[in-house]
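An overview of the molecular structure
Residues per chain, in single letters:
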Amino acid sequence: QVQLVESGGGLVQAGGSLRLSCVASERSFSTYTMGWFRRVPGKEREFVAAISWGGVRTNYADSVKGRFTISRDNAKNTVYLQMNSLKPEDTAVYYCAADLNRAVLHTTPSEYDYWGQGTQVTVSS
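To start, this report covers the structure provided alongside it. Source: prediction; values computed, not measured. (Residues numbered from 1 in each chain as written. Predicted model: local features only at pLDDT ≥ 70, side-chain atom pairs only at ≥ 80, totals over all residues. Heavy atoms only, no water.)

Description of the state of the cysteines
Inspection of the entire model under this criterion finds one disulfide. Disulfide pairing places C22 opposite C96 at an S-S distance of 1.9 Å. Sign of the S-S torsion, about 45° for the bond between C22 and C96, identifies this disulfide as right-handed. One end of the pair, C22, is in strand β3 (residues 18–24); the other, C96, is in strand β9 (residues 92–99), with 74 residues separating them in the sequence. (Disulfide = S-S within 2.5 Å. Helix = DSSP H or I, 4+ residues; strand = E, 2+ residues; numbered from the N terminus.)

Right, dumping it as structure tokens:
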């Protein structure tokens, strides 16, 4: 069982930046595809970004492309989400997730095997 713990959320003004972190409990973290998702009340969980096990391949939702950057440090069992030029519509609970399938950067929540508890990001206008 992989445990994922997110941190770094908070309140920021529009145009500001935040960096989210997600630490995994297992050394096998380096073999997982990692993803970030977000959810607002009343809506489905939405794909934000994904990164391959080695960090070479990334994928982003159109809504965050050019503003958010996903990265990972396998030596620290950590994946990051750097969020710049934040907008009020980025307000959500952000979740990191681990996918044991190394071949594909999935964008569908059901493809991911483990989830963190989430961290709140609020962007004020």
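What about the pairing of strand β8 (residues 78–83)?
Of all six residues making up β8, five are buried, and the element is well covered by its neighbours. Pairing analysis gives six bridges linking β3 to β8, with the strands arranged antiparallel. Opposite R19, over in β8, you have Q82 as the bridge partner. Pairing of strand β7 (residues 68–73) with β8, which is carried by six bridges, proceeds in the antiparallel orientation. When the sheet's bridge partners are listed, I70 is paired in β8 with L81. The hairpin turn running from β7 into β8, its antiparallel successor, is four residues long, and N77 in that turn takes a positive phi close to 55°. (Buried < 20%, exposed > 50% of the residue type's maximum accessible area, 1.4 Å probe, protein only. Pairing = 2+ DSSP bridges.)

Remarks on the packing of aromatic side chains
For the coordinates displayed, the defined rule picks out five aromatic pairs. These aromatic residues form a ring-pair network of at least three members: F37, F47, Y95, Y112 and W115. Here the basic side chain of R45 rests over the ring of W115, its NZ or CZ set 4.4 Å away from the ring centre. One residue, R102, lies across the ring of W53, its end atom 4.0 Å from the ring centre. (Phe/Tyr/Trp six-rings, centres within 6.5 Å; stacked < 30°, edge-to-face > 60°. Lys NZ or Arg CZ within 6 Å of the ring centre and 35° of its normal.)

So, to be careful, I would describe these as geometric facts and stop short of saying anything about function.
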